[in-house]
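# Residue-level structure breakdown
Spelled out, the chains give:
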Amino acid sequence: IAVASAVETWLLMESDDARAKEAIDLFCIRAAREIGSLTATLGGLDALVFSSEREGCSLAMLEAMACGVPVVATQVGGTLEVIEPEVNGLLVAPGQPQAMADRIVELLNSPAKAAAIRTAARQRVEEQFSLRRMIQEYETLYLREGRKR
């Protein structure tokens, strides 16, 4: 759904149609409201913990990171593409509840480390996982594939 929305948004942005422009404006207003609500909900958390044994690229993880919430997660699947250990989150091996608890306590006992992770997490999502980045990547893909024809 997110991919379709991004592509549709990009196509509408390229349109001269007034209705398309209005649709984009409404989409942006709705997205801003949702983001504001999400930020208010997640923003007060000290950390968000993902103890999955299997995980794709977790939208909840990306949303938390975008809100500056430090993530403690297991080293599985898509998490490894998102979290750079000790930089924008903390990782532990799956099935290790004591190690997970230790990392959570470490984060809670080190405000400076938590602050650094908050900043790096937000930056990582903005640079690598934003809607703008996704649209740019799709545009590059479409242009490259279009030249092959």
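Attention here is on the structure that accompanies the text. Because the structure is a prediction, the values reported are computed rather than measured.

Reading the values: rules and limits
Here the residue numbering is sequential within each chain, running from 1 through the sequence in written order. In view of the model being predicted, local features appear only for residues whose pLDDT reaches at least 70, and side-chain atom pairs are presented and counted only at 80 or more, with totals across whole chains, interfaces and linings using the full set of residues. Each side-chain value is worked out from all heavy atoms of the structure, with water and hydrogens disregarded. Only when DSSP finds a minimum of two bridges between them are two strands counted as paired. Helix numbering and strand numbering both begin at the N terminus, where a helix is a DSSP run of H or I of at least 4 residues and a strand a DSSP run of E of at least 2. Lines are fitted to the C-alpha atoms to define the axes, a helix being fitted only along its stretch in contact, and any angle between axes, read from their N-to-C directions, falls within 0 to 180 degrees. Angles below 35 degrees are treated as roughly parallel, those above 145 as roughly antiparallel, those between 65 and 115 as roughly perpendicular, and all remaining angles as oblique. Each crossing gets its hand from how the near helix is turned against the far one by less than a right angle, where anticlockwise is left-handed and clockwise is right-handed. Contacts were defined at the residue level, with two residues in contact if any of their heavy atoms lie within 4.5 Å. In this count, Pro and Cys sit with the nonpolar residues alongside Ala, Val, Leu, Ile, Met, Phe, Trp and Tyr, while Asp, Glu, Lys and Arg are called charged and the others, Gly among them, polar. Three exposure classes are used, based on accessible area relative to the maximum for each residue type with a 1.4 Å probe and protein chains only: buried under 20%, partly exposed in between, and exposed over 50%. Think of it as the arc spanned by the lines of direction from the helix axis to the C-beta atoms. What we call a nonpolar core is a set of buried Ala, Val, Leu, Ile, Met, Phe, Trp, Tyr and Cys residues that are connected through their side-chain atoms within 4.5 Å. Consider the strands pointing away from the viewer: the crossover is right-handed when the path from the first strand over the helix to the second runs clockwise. In a helix, the anticipated span is given by 1.5 Å times the number of residues less one.

Turning our attention to the sheet that holds strand β3 (residues 90-92). Here we have three strands laid out as an open sheet, ordered β1-β2-β3, and parallel in their pairing. Of all the strands in the sheet, the pair left with one neighbour each is β1 (48-50) and β3. Along the sheet, successive strands turn relative to each other by an average axial angle of 15°, direction set aside. As paired strands, strand β2 (residues 71-74) and β3 are joined by three bridges and run parallel to one another. Opposite Val72, over in β3, you have Leu90 as the bridge partner.

Between helix α3 (residues 59-66) and helix α6 (residues 111-128), the shortest axis-to-axis distance is 7 Å and the interhelical angle comes to 120°. Relative to α6, the element α3 is oriented oblique. Where α3 crosses over α6, the handedness of that crossing is left-handed. Contacts between α3 and α6 pair Leu62, Met65 and Ala66 from the former with Ala121, Arg122, Arg124 and Val125 from the latter. Looking at side-chain class alone, the contact of α3 with α6 contains five nonpolar, no polar and two charged residues.

Now for the packing of helix α5 (residues 97-109) against α6. At their nearest, the axes of α5 and α6 sit 5 Å apart, and the two run at 100° to each other. The pairing of α5 with α6 is recorded here as roughly perpendicular in orientation. For the pair formed by α5 and α6, the contact residues are Arg103, Glu106, Leu107 and Asn109 on the first element and Pro111, Lys113, Ala114 and Ile117 on the second. Split by residue class, the contact of α5 with α6 holds four nonpolar, one polar and three charged.

In this section: α3. Within α3, the full set of buried residues consists of Met61, Leu62, Ala64 and Met65. Across the axial projection of α3, the buried residues extend over an arc of 160°, all falling on one side. Phi turns positive one or two residues past the end of α3, at Gly68, with a value near 80°.

What follows concerns the nonpolar core. Ranked by size, the top nonpolar core spans 15 residues in total, and within it Met61, Met65, Val71, Ala73, Val82 and Ile83 carry the most contacts. The set of elements that each furnish at least two residues to this core consists of α3, β2 and α6. The residues touching Val82, leaving out its near neighbours within four places in the chain, are Cys57, Met61, Leu62, Met65, Asn88, Arg124 and Phe129. In this structure, Val72, Leu90, Val92 and Leu107 belong to the second largest nonpolar core, which totals seven residues.

Turning our eyes to something else, we now look at the pairing of β2. Successive residues of a regular strand alternate their side chains across the two faces of the sheet. Here β2 shows a buried face lined by Val71 and Ala73 and a second buried face lined by Val72 and Thr74. Assessed by its sense of winding, the connection that carries the chain from β1 through α3 to β2 is right-handed.

Turning our attention to α5. At 3.6 residues per turn, the α-helix brings residues three or four places apart onto the same side. In this model α5 runs 18 Å from its N-terminal to its C-terminal C-alpha over 13 residues, within 8% of the 18 Å that 1.5 Å per residue would give. When α5 is considered as a whole, its buried residues turn out to be Met100, Arg103 and Leu107. Buried positions in α5, seen along its axis, are confined to an arc of 65° and lie on one side of it. For α5, the exposed residues set more than 90 degrees away from the buried face come down to Pro97, Gln98 and Asn109. Contacts from the buried residues of α5 go to β1, β2, β3 and α6.

From the geometry alone we can't say anything about function, so treat these as descriptive.
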